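Residue strings, one per chain:
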Amino acid sequence: MRIPIILLIITYIIVSNALLLRVNEIGLHEAANFTRQWLSMAAPHLKIPDIRESFYNNFASGEMAVSNITLKKFVPPLIRFRPSDHTFLYLSTLSGYAQMSADWNVEFFQWIPIALRGNINAQMTGLISEVAMRINPDNEVEVHNCVAQIRDLRVSFAGSMAAEVIHWFRDSITRQIRHKLEDEYCEMMKNHLLPWVEAQLYQFPTNISISHSPEVTLIQTMRSISMAHQNVDFHMRSDIIWQGELVESNTVKDSTMEKIGNLTKSSRMLDMFIEENTVKSIIAAAHFSDHLKTKIESDFLRTECETLCIGTVFPELAVQTPNRSLYVEASTLSPPVIDLQEGKALVYLNASMNVFANPPLDNIEGSIVTIQLETEFMLKIEMQNRKVKGFVNMINTQANLVDSKVGLMSQKTVDLFVNMSTPILEDAIDVIIGRGLTVADPFQFPSMNENLSIHEKCIRWEADIVMQTLLAHTKIF
């Protein structure tokens, strides 16, 4: 399958395709709350191995086994995520409460040739821990270190053994249970929480569909993950898949980071910064997919009317196309050039407008008039309920009459028609972006409170994640 040569040329001109996804401080806070809920769901499934303790003294020797250790009640600890330097993310816990039950069994090697059994109830208060997660050079998450300490653990025995005999084992069994719980906590974080965290990280790189015919997709690939004092940054590159073929761009220094440092701090959980060159690639793909094409119909485009219409403005056109409704097809002749500035975008557009008669004129196929325009306009956007609406302010427009199939027009009519092309082009742009475009969720997560804004050399997308919906679809083990 061959890719259009012009698109290949575009990708070599556009050599930097970058996207930065940032989890902000509030996002880390909500992630900590989410992890706390995850722990409350995961803890009842925790499997704690049996504990065995041998004893030898002047009175007896034997072995005590603690089995069927079951968590009866669990209040998860407070959790905090703390990024540090460029590779480490720390998960810290404080407080928490748990009640557990277990069975004990003592077998004596001498003194009493029988086995004694009973129950254990334990109460744990306070789990102080720190899990250091590291991003390795392959952008994989691994546990570098895990330290856990139970602040207070109280154990009570019940059963057929005398209190003074139980006392022989109370301290050692309590220590064993404490160490087992601390070890199992770190194992659970490593074997269950870490794979979940890694799975969430790799949901961020997503594919954005630009067109279905032809099939054009903007794909994101993780380049690196970095940590800052209050946020985690995912640096990605963007490439285009055109009809199944990868149109890969060259990678150069990511300039987005140089521009976003002066932006106001987001009040939402996630930030996505799309670099200007990535925007150009999307617009180029939209152009080659014929998405930047629209049809304009209006009562003004009638050649006969009682008040004001195009027929009264251009009498020659009314004579040559009597009792017709005209419509205009506007489309870009080349990919628009865009310059992202603070709060607005400067757009350079080379477009064609073809005028058609309805019903068609005899012996004329296709358009009756063709006009080519070169225009420059300022674009501002606003977003509500995921619908993006654009506002256009025309700066400069030059138009030329390329072809007319309805006979010779006077120079005055030609000039008037060309001058009229500017508001028609404004209508065309308004049809494409003025009525609002519904933006799909780029995160593949349920989101809300979305906001889209234009800044110098980048577009910023902000959103909150609906954690409860995400938690409902989370697998614990």
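Cut-off values and rules
By convention here, each chain's residues receive numbers from 1 onward along its written sequence. Local features are withheld for residues below a pLDDT of 70 in this predicted model, meaning they are given only at 70 or higher, and side-chain atom pairs are given and counted only at 80 or more; totals for whole chains, interfaces and linings count all residues. Only hydrogens and water are removed before side-chain values are computed, so all heavy atoms of the structure are retained for them. UniProt positions are given in the numbering used here, feature names are shortened, and annotations may be inferred rather than shown by experiment. Take a side-chain nitrogen of Lys or Arg and a carboxyl oxygen of Asp or Glu: if they are within 4 Å of each other, that pair is a salt bridge. Numbering of helices and strands starts at the N terminus; helices are DSSP runs of H or I of at least 4 residues and strands are runs of E of at least 2. Throughout this description, buried means an accessible area under 20% of the type-specific maximum (1.4 Å probe, protein chains only), exposed means over 50%, and partly exposed covers the range between. Two cysteine sulfur atoms make up a disulfide if the distance between them is within 2.5 Å.

- The name given to the protein in an unreviewed UniProt entry is Lipid-binding serum glycoprotein C-terminal domain-containing protein, with the source organism recorded as Caenorhabditis angaria.
- Database annotation for the protein, UniProt heading Sequence similarities (unreviewed entry): "Belongs to the BPI/LBP/Plunc superfamily. BPI/LBP family."

### Considerations on the pattern of salt bridges
Inference 1: In total, this model carries 11 salt bridges according to the counting rule given.
Inference 2: Across the salt bridge formed by aspartate 271 and arginine 460, the nearest N and O atoms sit 2.9 Å from each other. Of the two residues, aspartate 271 is situated in strand β13 (residues 270-275) and arginine 460 in strand β22 (residues 458-465); the sequence distance between them amounts to 189 residues. Per residue, the accessibility class of aspartate 271 equals that of arginine 460, and both read buried.
Inference 3: Here aspartate 339 ties to lysine 457 by a salt bridge, and the two come within 3.1 Å at their closest N and O atoms. Placement of aspartate 339 in strand β16 (residues 337-341) and of lysine 457 in the loop between β21 (447-455) and β22 is noted, with a sequence separation of 118 residues between them.
Inference 4: Aspartate 339 sits in the partly exposed class, given a relative accessible area of 22%.
Inference 5: Shared partners join several salt bridges into a network, and the residues in it are Glu276, Lys280, Asp339 and Lys457.

### Remarks on the state of the cysteines
Inference 1: Per the counting criterion, the structure on display carries two disulfides.
Inference 2: Here cysteine 146 is linked by a disulfide to cysteine 186, with a sulfur-sulfur distance of 2.1 Å. Sign of the S-S torsion, about -80° for the bond between cysteine 146 and cysteine 186, identifies this disulfide as left-handed. One end of the pair, cysteine 146, is in strand β8 (residues 141-159); the other, cysteine 186, is in helix α3 (residues 163-201), and 40 residues separate them in sequence.
Inference 3: Residue classification places cysteine 186 among the buried positions, given a relative accessible area of 14%.
Inference 4: A sulfur-sulfur distance of 2.2 Å marks the disulfide that ties cysteine 305 to cysteine 309. Because the sign of the S-S torsion sets the handedness, a value of about -95° for the bond joining cysteine 305 and cysteine 309 places this disulfide among the left-handed ones.
Inference 5: Overall, cysteine 309 belongs to the buried group, its relative accessible area being 0%.
Inference 6: In the protein, the cysteines engaged in disulfides, taken in order along the sequence, are linked 1-2, 3-4.

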